Amino acid sequence: MTQETLVYHLPDTLKEWPWPRRINRHHEEAKAESDAWFRSFKAFSVESQKAFDRCDFTQLRTACDMTNLFFVFDEYTDSAATHLARHYADVVIDALRNPFKKRPDGEVVLGAIAQEFWARGIQTASANSQRLVHQAQYRDLHVVPSIETYLQIRRQTIGVYPSFAMIELPYDLPAYVVNHPVVQDLARLSRDLIILDNDILSYNKEQASEEIPHNLITVVMYYEQCNLYQAIIPTWDPSVADMANDYLEGIANWVRSNNAWHFESGRYFGDKSKEIEKSR
């Protein structure tokens with residue numbers, strides 16, 4: 001019996017994203033140094049190292065090192081049993097908390113990599129490591145977490161907050177800026193966008209290698225009793241699809257029309273409305 005091939009289209013989630021892709025001018029130098037440092041640990045098999053080398057990290061040296069650490073930690077814990085994932089997490093946390101302690105002979109290479117990285121993110125690394133243990137527990141028990149529980153775990157394991165910390169490195173950014181409610185909201189929204197992108201783009205690889213992938217698409221399909229297409233892009237019964245689309249179109253148009261009304265009604269700017277709209 002042949003298995004039917006399922007084809008799905010990956011949505012361009014950043015099609016309207018106003019920030020274009022840019023490469024840091026120090027990228028090549030920083031990447032070469034970080035790659036050489038990481039290869040010295042021989043953490044991957046030959047084939048895995050080749051796959052890893054095809055990845056392209058666009059941050060400066062410290063951020064490159066951090067991305068390397070994230071990558072290898074994720075690779076080691078991705079299919080590990082709970083007890084092994086917990087052990088790996090404990091090793092990494094211990095290495096970060098004790099950067100000058102000699103690592104035990106025969107220890108998994110994660111300890112040495114984490115210890116040498118060390119520079120930043122020690123507080124968030126602890127939470128991230130423990131969430132990866134929880135992720136392994138769900139895999140071991142063949143349990144699909146609820147959507148809410150999944151997002152609670154995923155928002156830690158995605159590793160964006162240590163990454164955001166790298167952006168701060170060149171600046172003496174006041175705490176009141178970082179902790180401002182608007183800045184915090186933007187960080188949370190960016191985190192969730194990154195989760196959506198990662199889970200959509202990684203789904204095919206994960207479903208091919210794991211019985212129950214730890215992936216938002218899997219969780220949504222399970223609890224909403226829907227297929228792959230519906231999990232990625234909501235669909236409605238044909239009898240209401242057109243009405244639903246018109247309704248959503250109306251909501252989007254209302255934002256634009258409300259803005260236009262302020263300039264076209266004359267209520268707020270009088271006969272200077274058009275001039276102010278163009279020159280603002």
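So, how was this worked out
Residues numbered from 1 in each chain as written. Predicted model: local features only at pLDDT ≥ 70, side-chain atom pairs only at ≥ 80, totals over all residues. Heavy atoms only, no water. UniProt positions renumbered as here; feature names shortened; annotations may be inferred. Helix = DSSP H or I, 4+ residues; strand = E, 2+ residues; numbered from the N terminus. Buried < 20%, exposed > 50% of the residue type's maximum accessible area, 1.4 Å probe, protein only. Contact = heavy atoms within 4.5 Å. Areas by Shrake-Rupley, 256 points an atom, 1.4 Å probe, with all protein chains shown as cover. Axes fitted to C-alpha atoms, helices over the stretch in contact; angles between N-to-C directions. Parallel < 35°, antiparallel > 145°, perpendicular 65-115°, else oblique. Left-handed = near helix turned anticlockwise from the far one by under 90°. Nonpolar A, V, L, I, M, F, W, Y, C, P; charged D, E, K, R; others polar. pLDDT = per-residue confidence, 0-100. Expected span 1.5 Å × (residues − 1). Patch = residues over 30% accessible without salt bridge, like charges linked within 9 Å, V, L, I, M, F, W, Y side chains within 5 Å. Salt bridge = Lys/Arg side-chain N within 4 Å of Asp/Glu carboxyl O. Core = buried A, V, L, I, M, F, W, Y, C linked by side-chain atoms within 4.5 Å.

The chain has the name Terpene synthase in an unreviewed UniProt entry, where Gymnopilus junonius is given as its organism. Annotation of the chain in UniProt includes, under Sequence similarities (unreviewed entry), the sentence "Belongs to the terpene synthase family." You can read under Cofactor (unreviewed entry) in the UniProt record for the chain the words "Mg(2+)".

Mind showing me how you'd approach the overall build of the chain here?
Scanning the chain from terminus to terminus reveals 14 helices and 0 strands. Going residue by residue from the N terminus, the α and β elements of the chain occur as α-α-α-α-α-α-α-α-α-α-α-α-α-α. Counting the 280 residues in the chain, one finds 34% classified as buried. In the chain, the share of contacts with a sequence separation of at least 24, taken over all contacts with a separation of at least 6, comes to 64%. Of the accessible surface of the chain, which amounts to about 18,700 Å², a share of 55% is contributed by carbon and sulfur atoms.

Help me out: how do you make sense of the packing of helix 8 (residues 160-168) against helix 10 (residues 181-209) in this one?
To characterise two packed helices, one gives the angle between the axes of the helices and the distance between these axes. Closest axis-to-axis distance for the helix 8/helix 10 pair is 11 Å, and the angle between their directions is 125 degrees. It follows that helix 8 is oblique to helix 10 by the angle criterion. Crossing of helix 8 over helix 10 shows right-handed handedness. Contact residues: Val160, Tyr161 and Phe164 in helix 8; Ala187, Arg188, Ser190, Arg191 and Ile194 in helix 10. Grouping the amino acids of the contact of helix 8 with helix 10 by side-chain chemistry returns 5 nonpolar, 1 polar and 2 charged.

Could you clarify how one ought to interpret the environment of Val92 in this entry?
Mapped onto the secondary structure, Val92 falls in helix 4 (residues 82-97). The spatial distance from the C-alpha of Val92 to the C-alpha of Ala112 is 8.5 Å, given a sequence separation of 20 residues.

What's the story with the confidence of the model for the chain in this structure? I'm lost.
Reading fine detail from the predicted coordinates is not recommended where pLDDT is low. Confidence in the prediction for the chain averages 80 pLDDT; 83% of positions are at 70 or higher. The lowest-confidence element of the chain is helix 6 (residues 122-141), averaging 52 in pLDDT; the highest-confidence one is helix 11 (residues 216-224), averaging 93. The low-confidence segment residues 119-126 (pLDDT under 50) makes 12 contacts with residues lying over four places distant or belonging to another chain.

Which parts of the structure should I look at to understand helix 4?
Count 3.6 residues to each turn of an α-helix, and residues three or four apart come out pointing the same way. End to end, helix 4 covers 22 Å across 16 residues, agreeing with the expected 22 Å (1.5 Å per residue, within 8%). Here helix 4 has its buried residues at Thr82, Ala85, Tyr88, Ala89, Val91, Val92, Ile93, Ala95 and Leu96.

What is the right way to look at a nonpolar patch on the surface in this model?
On the surface, Trp236, Val240, Met243, Tyr247, Leu248 and Ile251 cluster together into a nonpolar patch covering about 620 Å² of accessible area. Among the structural elements, Val240 can be located in helix 13 (residues 238-264).

Any chance you could explain the nonpolar core here in plain terms?
The nonpolar side chains of a soluble globular protein tend to be buried with one another. Formed by 24 residues in total, the largest nonpolar core has its most connected members in Phe38, Val72, Leu110 and Ile113. Contributing elements (two or more residues each) for this core: helix 1 (27-39), helix 3 (61-77), helix 4 and helix 5 (110-117). No other element matches the 7 residues that helix 4 contributes to this core. Not counting the four nearest positions on each side in its chain, Val72 is found in contact with Phe38, Ala43, Phe44, Leu110 and Ile113. Tyr150, Leu151, Leu216 and Leu228 belong to the second largest nonpolar core, which has 14 residues in total.

Would you explain the pattern of salt bridges in this entry?
Pairs may arise between side chains of opposite charge once their charged atoms sit close together. Per the stated rule, a full pass over the model turns up 9 salt bridges. Across the pair Arg103 and Glu107 runs a salt bridge whose closest N-O atoms are separated by 2.9 Å. Taking relative accessible area as the criterion, Glu107 reaches 22% and is therefore assigned partly exposed. Here Arg191 makes a salt bridge to Asp192, at a shortest N to O gap of 3.0 Å. The structure contains a network of salt bridges with shared partners spanning Asp94, Lys101, Arg103 and Glu107.

Please explain the environment of Asn68 as it appears in this structure.
Looking at where Asn68 falls in the secondary structure, it is placed in helix 3. Owing to a relative accessible area of 0%, Asn68 belongs among the buried residues under this scheme. As for Asn68 and Phe117, which are separated by 49 residues in sequence, their C-alpha atoms are 9.4 Å apart.

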